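Structural features, examined
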Amino acid sequence: MKIAIAADHGGYRLKTVIMDFLKKLGHEAADLGAYSEEPSDYPDSARSVARALMDRRAERGILVCGSGVGACIAANKFPGIRAALCHDTFSAHQGVEDDDMNVLCLGERVIGPELAKEIVSAFLAARFSGAERHVRRLGKVIAIEKEFMKGKD
Ligand code: RB5
C-alpha cells in the first residue's frame, strides 16, 4: 500500500521506527518529514500528508506528533481527510471499517514503539466495510464538509 507519513519534532523518533516497520512489511512509504528533532510545526506535517492523499499519491496517511492531538486537529481541516488519534488497536481497525478513516495519528510521548507498530498493523490491514449505515453516515460527514469548508482541493 502507498502510505504517506510525517511527524513534527515531537514525533520524529517514533516516525523513524514506523518507517522501518512499514518497509519491513513491504509497503511503499513516503517519508514527508520532519527529518530531525529540530523544532517543527505539526500543521506542516499534516499538510504534507493531507496533500499526498488529496493528490492520490498515497492511499493512507500516518501522522506522529508529541500527543497526536495537534496533528489530528490540523489533518481534519483538509477536505476528504478522516484522521483519528488511536492509541489502541480496536479503534485503529474499527475507525477504518466503520468510518473510512484514512489518516492514523499517534503520540510519541504517549505510547511505546511496540504498541505503535501493532496499531499501525491494525490500521493498514483494515478495510472500509461499505455497509449501508456507514455509507449513510459518511455521506452526512461529507455534507458537513461541503456546507462548512471553504476552498478547493
Ligand atoms: C510539540 O511540542 C507538541 O506540542 C506537538 O508535538 C504535539 O504534541 C501537539 O499536539
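All values reported here derive from a predicted model rather than from experimental measurement. Residue indices begin from 1 for each chain and proceed along its sequence in written order. Since the coordinates come from a predicted model, pLDDT governs what is reported: local features require at least 70, and pairs of side-chain atoms require 80 or more to be given and counted, while whole-chain, interface and lining totals use all residues. Remark: hydrogens and water are excluded; side-chain values derive from all non-hydrogen atoms of the structure.

What makes a residue near a molecule or strand is one non-hydrogen atom of that residue sitting within 4 Å of it. Taken together, Asp8, His9, Tyr42, Cys65, Gly66, Ser67, Val69, Gly70 and Arg109 are the residues near the ligand. Polar contact criterion, stated in full: a pair of N or O atoms within 3.5 Å, where within protein one must be able to donate a hydrogen and the other to accept it, and residues adjacent in sequence count only if both atoms are side-chain atoms. At 2.7 Å, a backbone N or O of Gly66 approaches an oxygen atom of the ligand. Accessibility throughout is a Shrake-Rupley quantity obtained with a 1.4 Å probe, and a residue counts as covered only by protein chains that appear here. Taking 290 Å² as the accessible area of the ligand by itself, protein coverage stands at 72%. Under the convention adopted here, Pro, Cys and the residues Ala, Val, Leu, Ile, Met, Phe, Trp and Tyr are nonpolar, Asp, Glu, Lys and Arg are charged, and Gly plus all remaining residues are polar. Class assignment for the residues of the shell around the ligand results in three nonpolar, four polar and two charged.

Residues separated by three or four positions in an α-helix point in the same direction, a consequence of the helix having 3.6 residues per turn. Between its first and last C-alpha atoms helix α1 (residues 12-24) spans 19 Å; for 13 residues at 1.5 Å apiece the expected length is 18 Å, and the two agree. Exposure categories follow from relative accessible area, calculated using a 1.4 Å probe and restricted to protein chains: below 20% of the type maximum is buried, above 50% is exposed, and the middle band is partly exposed. Helix and strand definitions follow DSSP, with helices as H or I runs of at least four residues and strands as E runs of at least two, each counted in order from the N terminus. Along α1, the residues that are buried comprise Leu14, Lys15, Ile18, Met19, Phe21 and Leu22. Viewed end-on, α1 has its buried residues packed into an arc of 165 degrees, placing them on one side of the element. Every exposed residue of α1 that faces more than 90 degrees away from the buried side is listed here: Arg13, Lys23 and Lys24. Those residues of α1 hidden inside the fold are in contact with β1 (2-7), β2 (28-31), β3 (60-65), β5 (103-107) and α5 (113-125). One less than the residue count of a helix, multiplied by 1.5 Å, gives the span that helix is expected to have. Read the arc as the range of directions from the helix axis to the C-beta atoms. Throughout, a residue-residue contact means that at least one pair of heavy atoms, one from each residue, lies within 4.5 Å.

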